[in-house]
Amino acid sequence: MPVDTYSIWWQFQSHLFLFIKICKQPLFYVVTKNEKFKLKILLTGGAGYIGSILTGKLLKCNHQVTVVDNLYHNVHGLYPYCSDENFDFIRGDVRDQVLISELVAKHDVIIPLAAIVGMLACNNDQVTAEAVNYQAIKFLNKVRSTDQPIIYPCTNSGYGTKSNQVYCTEE
């Protein structure tokens, strides 16, 4: 994520309700409704719990939201938004570089939520875990323009442990 992410968001004059950590300093963006500036936001893997909640918040702020998800977990959290004119759903996979390239080009902000989550799941299918959790993010960063921020939320699972005896840090 570029160091000037804050200035990019300031230019957009519309903030998202997300907790972002840059240079170990948290930045908190508040959801605001701005009729003059409507963002086109792409959420990959957006059909999960976080994605469905975030989609609702973004739609309430009148942003255009496109979710791309392969529905691997057969979840239904996006159903309430299907009739919203600002919502688009594409059943697809983040590993489909042609699809992702086309979608990234049409959006202002990218929020990658697609992931193989947890050590057990990653160990069970290491090839898929690397393709989704690393290669897909690397590709998103490659095809986006410098004017398109990627907001990369991370759960505690990103730190790799729950043990009381082993601590993961950012160092």
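Residues numbered from 1 in each chain as written. Predicted model: local features only at pLDDT ≥ 70, side-chain atom pairs only at ≥ 80, totals over all residues. Heavy atoms only, no water.

*Asks:* Explain the sheet that holds strand E4 (residues 64-69) residue by residue, including any values.
*Replies:* Taken together, the four strands give an open sheet; going across it, the order is E5-E4-E3-E6, and neighbouring strands pair in parallel fashion. Taken across any chain shown, the strands that pair with only one partner, and hence form the sheet edges, are strand E5 (87-91) and strand E6 (109-112). Strand-to-strand twist of the sheet, defined as the mean angle between neighbouring strand axes without regard to direction, takes the value 15°. Pairing geometry for strand E3 (residues 40-44) and E6, over four bridges, is parallel. From the neighbouring strand, Ile41 faces E6, where its bridge partner is Val109. Sheet strands touched by helix H2 (residues 49-60): E3, E4, E5 and E6. Its angle to E3, the strand with the most contacts, is close to 175°. (Pairing = 2+ DSSP bridges. Helix = DSSP H or I, 4+ residues; strand = E, 2+ residues; numbered from the N terminus. Axes fitted to C-alpha atoms, helices over the stretch in contact; angles between N-to-C directions. Contact = heavy atoms within 4.5 Å.)

*Asks:* Before we move on, could you go through H2 and cite the residues and values that matter?
*Replies:* Count 3.6 residues to each turn of an α-helix, and residues three or four apart come out pointing the same way. With 12 residues, H2 should cover 16 Å at 1.5 Å per step; its first-to-last C-alpha distance of 17 Å lies within 8% of that length. Those residues of H2 that sit buried are Gly51, Ser52, Leu54, Thr55, Gly56, Leu58 and Leu59. At the C-terminal side of H2, Asn62 shows a positive phi close to 70°. (Expected span 1.5 Å × (residues − 1). Buried < 20%, exposed > 50% of the residue type's maximum accessible area, 1.4 Å probe, protein only.)

*Asks:* Explain helix H3 (residues 97-105) to me, and be specific about the residues and the numbers.
*Replies:* Those residues of H3 not exposed but buried are Leu99, Ile100, Leu103 and Val104. Looking straight down H3, one finds its buried side chains confined to an arc of 125°; they lie on one side. Of the exposed residues in H3, those oriented more than 90 degrees away from the buried face are Val98 and Ala105. The elements touched by buried residues of H3 are E3, E4, E5, E6 and helix H5 (126-143). Its side-chain oxygen 3.3 Å from the backbone nitrogen of Val98, Asp96 forms the N-cap of H3. (Arc of directions from axis to C-beta. Polar contact = N/O pair within 3.5 Å; in protein donor to acceptor, adjacent residues only side chain to side chain.)

*Asks:* Quick rundown of the pattern of salt bridges? Include the residues and the values.
*Replies:* Within the structure shown, the criterion is met by one salt bridge. One salt bridge connects Asp93 with Arg95, and the closest N-O pair in it is separated by 2.8 Å. By relative accessible area, which is 18% here, Asp93 ends up buried. (Salt bridge = Lys/Arg side-chain N within 4 Å of Asp/Glu carboxyl O.)

*Asks:* Quick one: what's the story with the packing of H3 against H5, residue by residue and with numbers?
*Replies:* Running from N to C, H3 and H5 point in directions that differ by 40°, and their axes come no closer than 10 Å. Here H3 is positioned oblique relative to H5, judged by the angle of their axes. The interaxial crossing formed by H3 with H5 has right-handed handedness. Contacts between H3 and H5 involve Gln97, Ile100, Ser101 and Val104 from the first element and Phe139, Leu140 and Val143 from the second. (Parallel < 35°, antiparallel > 145°, perpendicular 65-115°, else oblique. Left-handed = near helix turned anticlockwise from the far one by under 90°.)

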